[in-house]
Amino acid sequence: MKAWVWAIAALLGVVFLAPATWADQALMVKGMEAQKAGRNEEALKLLNEYVDRYPQVREARYYRALALNGLGRHKEALEDVDKALADNPGNVNFLLAKGNILVALERRPEAILIYTQAMQCDPRNAEACKERGDCLAQEGQFAEALADLNKAAGLAPRDPWVFNKRGMVWFCQGEYHKAAADFTTAIRLQPDLALSYFFRGNIYRHHLKEPEKAIADYRKGCGLGSSLCCGELEKMGVKPAAGSK
């Protein structure tokens, strides 16, 4: 196998379990790279060919599951990730993928169990804490959700989605100032996060009675391409900022 294939495979954490030609392993690496770049159709074509030849290579099934999930083929994705987990049930990345697929299938109680398993394997995994917290919130278990999201915020203080999700939990509990503060943090960490502008704008408009701040947020979000923010401006009879998408 050529050196570049080995190097990329090592960076991606791949262990080749079957004797394969250099061309086959290059096929797998190209498929993984395509999936990571969001080119799921291309990734699926490459990984299908590889898995047909080497069905026992769990990393190939894992990346194919991610591609299938990205294409909305959630049930097929679940089959692949289950096969990847069969002989490696403690792999946290595989567990996170399964949890995300179950969420896509709207099977949140099962996803909560999978994220819990991931947290047992790696108690400091911020992604598992964040996603379980989000699922718990969706199931109306707000105290438990906050505990997870507080932990995630401590483990990943630069992840804007932790604060966006926690802001929603505060909002659902009527804690509007705390919610606005979390959306502000999310925006500071990712200034183009249009959804946080929409949520914070709604709080300013409907709960904190600060319409000018709401308009500023909606205009910013609309300028980032958020149809939700543009719709709120239209309801208020306010024009978007010049140059909005």
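Figured I'd write up the structure that's included with this text. (Residues numbered from 1 in each chain as written. Predicted model: local features only at pLDDT ≥ 70, side-chain atom pairs only at ≥ 80, totals over all residues. Heavy atoms only, no water.)

Time to look at helix 5 (residues 74-86). The terminal C-alpha atoms of helix 5, which comprises 13 residues, lie 18 Å apart, in line with the 18 Å expected from a rise of 1.5 Å per residue. What helix 5 keeps buried is the set Ala 77, Leu 78, Asp 80, Val 81, Ala 84 and Leu 85. End-on, the buried residues of helix 5 take up no more than an arc of 165°, which puts them together on one face. Among the exposed residues of helix 5, those pointing more than 90 degrees away from its buried face are Lys 75, Glu 79 and Ala 86. Here the buried face of helix 5 lies against helix 4 (58-70) and helix 6 (92-104). (Helix = DSSP H or I, 4+ residues; strand = E, 2+ residues; numbered from the N terminus. Expected span 1.5 Å × (residues − 1). Buried < 20%, exposed > 50% of the residue type's maximum accessible area, 1.4 Å probe, protein only. Arc of directions from axis to C-beta. Contact = heavy atoms within 4.5 Å.)

Attention now moves to the packing of helix 3 (residues 40-53) against helix 4. Two numbers describe how helix 3 lies on helix 4: the axes approach to 9 Å, and their chain directions differ by 145°. Of the two possible hands of crossing, helix 3 and helix 4 adopt the one that is left-handed. Between helix 3, through Asn 40, Ala 43, Leu 44, Leu 47, Asn 48, Tyr 50 and Val 51, and helix 4, the contact on the second element is made entirely by Ala 60, Arg 61, Tyr 63, Arg 64, Leu 66, Ala 67, Leu 68 and Gly 70. Residue composition of the contact of helix 3 with helix 4, by class: ten nonpolar, three polar and two charged. (Axes fitted to C-alpha atoms, helices over the stretch in contact; angles between N-to-C directions. Left-handed = near helix turned anticlockwise from the far one by under 90°. Nonpolar A, V, L, I, M, F, W, Y, C, P; charged D, E, K, R; others polar.)

This brings us to the layout of surface pockets. Once rolled over the atoms, a probe with the size of a water molecule shows which space is left empty. Taken as a whole, the largest pocket holds about 160 Å³ of empty space. Around the largest pocket, the lining residues are Asp 134, Ala 137, Gln 138, Phe 142, Trp 161, Asn 164, Lys 165, Met 168, Val 169 and Cys 172. Broken down by secondary-structure element, the contributors of at least two residues to the lining of the largest pocket are helix 8 (126-138) and helix 10 (160-172). Considering every element that reaches the lining of the largest pocket, the biggest residue donor is helix 10, with six residues. Of the residues belonging to the lining of the largest pocket, the class tally is six nonpolar, two polar and two charged. (1 Å grid on protein atoms, 1.4 Å probe; cavity = no way out; pocket = protein on both sides within 12 Å on 5 of 7 lines; lining within 4 Å. Points joined across faces, edges and corners; volume = space filled by probe spheres on them.)

Okay, helix 8 next. One turn of the α-helix equals 3.6 residues, which is why residues spaced by three or four share an orientation. Compared with the 18 Å implied by 1.5 Å per residue over 13 residues, the 18 Å span of helix 8 between its first and last C-alpha is a close match. Within the sequence span of helix 8, burial applies to Ala 126, Ala 128, Cys 129, Lys 130, Glu 131, Arg 132, Gly 133, Cys 135, Leu 136 and Ala 137. Structurally, helix 8 contributes buried residues whose contacts are with helix 6, helix 7 (108-121), helix 9 (142-155) and helix 10. Its side-chain oxygen placed 3.1 Å from the backbone nitrogen of Glu 127, Asn 125 serves as the N-cap of helix 8. Phi turns positive one or two residues past the end of helix 8, at Gly 140, with a value near 80°. (Polar contact = N/O pair within 3.5 Å; in protein donor to acceptor, adjacent residues only side chain to side chain.)

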